[in-house]
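# Structural characterization, general
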Amino acid sequence: MTLAVRDGVRILGHAPTTPFAGLEDAQVVQAFLDGHERAFDELVSRYQTRLLNFIYRTVGDRERAEDLVQEVFIRIYRHLHRFDQTKKFSTWAYTIASNLAKNELRNRSRNPLVLFQTIKRHWEADHRPLQFEDSSSRPDDLFRKRHLRELVEQSVSQLPEHHRVVFVLRELEGKTYEEIAEITGCNLGTVKSRLNRARNNFAAIISPHLD
Amino acid sequence: MNCCEFREKYSDFADGLLTSGEHAEASGHLAACAACRRFEAALNAGLNALRSLPRLGVSHGFGARLRHRLRGELAVRVPVVARWSSAVGTLLLVAAVGYIRWDLRESHEMQREQMARSASGWHPAPLPLAANAPFPVPSASHVRVVRASFEPFHPLNSILLVAQSAPIAMGGPQRLDLPAVWGGP
């Protein structure tokens with residue numbers, strides 16, 4: 001069920017709309033700090049899908065990604081009173097998410113078998129989200145499209161962790177270089193360098209499979 | 001510009017961050033190099049496919065689980081005011097205990113002195129009287145509160161006597177200045 005479209009992103013799920021729906025993030029934050037608990041529901045509604053997709057593309061495990069998104073909101077709830085309101089709330093939320101995702105990958109890297117099994121499990125057809133096929137396309141075109149989608153997902157997961165985070169933030173979440181620098185704690189030059197390498201690697205992985 | 005240089009600068013080229021001269025140079029290389037054109041085509045096809053992947057939505061019970069966890073957070077959160085109040089209260093209690101201990105020590109010292117003087121046969125001189133006083137009320141400049149030395153030693157008695165004597169001694173309860181008031185041996 002699509003509840004709303006915000007920033008070109010469909011907000012899915014069953015999140016209820018709140019009286020704060022028309023306000024900017026900074027105003028919603030202030031409303032929460034002023035004692036309106038429902039303002040926090042609005043922040044959850046706005047960011048749950050974005051953060052889920054970001055973390056999922058970074059760690060590759062849907063269930064774990066959802067747990068981590070919950071953890072992000074717990075931390076936001078705990079520390080919102082200390083949030084510097086001159087900064088963008090979005091950047092702060094993504095920073096927390098990025099750190100949790102990196103910690104998750106770091107913990108998993110100590111057990112490579114767990115990582116491999118997790119990624120492999122989620123590539124089986126029945127674990128992938130339902131996709132509505134284009135009935136006007138030829139079967140071989142549909143096969144190629146599905147194959148390409150699998151390929152690009154695999155390509156992203158093969159990128160080194162620090163390249164992958166920057167790549168997902170830029171190409172899928174649409175963040176600017178400055179925002180990515182703030183989220184990842186790197187300088188602008190490092191962000192550009194990592195993004196360039198990620199793009200090159202990504203193209204190199206998928207290029208042999210394209211016509 | 002060769003292929004390596006083009007690939008190194010590709011991100012800036014794609015994002016429009018090169019100078020006009022560098023952009024022209026990169027565009028010229030791209031037009032002339034089939035390998036780099038294949039690279040750009042593969043990258044764009046991959047990115048289009050990636051962006052067309054369905055966006056995940058949170059599962060059905062996500063909101064309920066989160067609210068449950070947040071209720072747990074709220075339960076352990078002590079309101080800031082209560083936290084500060086308890087901190088201030090603790091400090092006041094510590095200060096009060098410290099004062100009482102100091103007061104006890106001082107009273108005990110005074111009692112020992114008085115008992116020592118009584119034992120040696122020394123008696124205090126009469127209190128000087130204020131001039132033109134309707135009744136023999138000692139002048140505040142000379143006489144201050146006398147703590148009971150015959151009451152059983154109890155901290156509460158010390159505090160009560162100080163409180164009771166305060167209206168009599170002008171300027172409030174103060175320590176007895178023995179060498180100045182009482183005649184010494």
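Treat the numbers as computed from the prediction; the structure is a model and nothing was measured.

## Looking at the overall build of chain A
Counting its regular elements, chain A contains 9 helices and 2 strands. Taking the intrachain contacts of chain A between residues at least 6 apart in sequence as the baseline, contacts between residues at least 24 apart amount to 60%.

## Regarding the overall build of chain B
Along its length, chain B carries 7 helices and 0 strands. In chain B, the succession of α and β elements from N to C terminus is α-α-α-α-α-α-α. Residue burial in chain B is summarised as follows: out of 185 residues, 11% are buried. Long-range pairs, those at least 24 residues apart, make up 51% of the contacts in chain B with a sequence separation of at least 6.

## Overview of the packing of helix α7 (residues 161-171) of chain A against helix α9 (residues 188-206) of chain A
Residue and element names in this part refer to chain A. Closest axis-to-axis distance for the α7/α9 pair is 8 Å, and the angle between their directions is 90°. Considered as vectors, α7 and α9 are oriented roughly perpendicular to each other. When α7 is examined against α9, the residues His162, His163, Arg164, Val166, Phe167 and Arg170 are found in contact with a partner set consisting of Val191, Arg194, Leu195, Arg197, Ala198, Asn201 and Phe202. Partitioned by chemical class, the residues of the contact of α7 with α9 number 6 nonpolar, 3 polar and 4 charged.

## Considerations on the interface of chain A and chain B
Each side of the interface is counted separately: chain A has 39 residues, and chain B has 30 residues. Sorting the residues of the side of chain A that touches chain B by element identifies β2 (9-11), α2 (38-59), α3 (62-79), α6 (139-158) and α9 of chain A as the ones contributing at least two each. Here the side of chain A that touches chain B takes 8 residues from α9(A), the largest share from any one element. In terms of residue class, the side of chain A that touches chain B is made up of 19 nonpolar, 11 polar and 9 charged.

## Some points on the packing of helix α1 (residues 25-33) of chain A against α2(A)
Residues and elements named next belong to chain A. Two elements in contact, α1 and α2, have axes whose closest approach is 7 Å; the angle formed by their N-to-C orientations is 145°. With respect to the hand of their crossing, α1 and α2 are arranged in left-handed fashion. Every residue of α2 that contacts α1 at Val28, Ala31 and Phe32 is listed here: Ala39, Phe40, Glu42 and Leu43. Looking at the contact of α1 with α2 residue by residue, the class counts come to 6 nonpolar, no polar and 1 charged.

Rules used throughout
- Residues numbered from 1 in each chain as written.
- Chains lettered and ligands numbered in written order.
- Predicted model: local features only at pLDDT ≥ 70, side-chain atom pairs only at ≥ 80, totals over all residues.
- Helix = DSSP H or I, 4+ residues; strand = E, 2+ residues; numbered from the N terminus.
- Contact = placed C-beta atoms within 7 Å.
- Buried ≥ 20, exposed ≤ 12 C-beta atoms within 10 Å, placed from the backbone.
- Axes fitted to C-alpha atoms, helices over the stretch in contact; angles between N-to-C directions.
- Parallel < 35°, antiparallel > 145°, perpendicular 65-115°, else oblique.
- Nonpolar A, V, L, I, M, F, W, Y, C, P; charged D, E, K, R; others polar.
- Left-handed = near helix turned anticlockwise from the far one by under 90°.

This is a description of form; function is not addressed.
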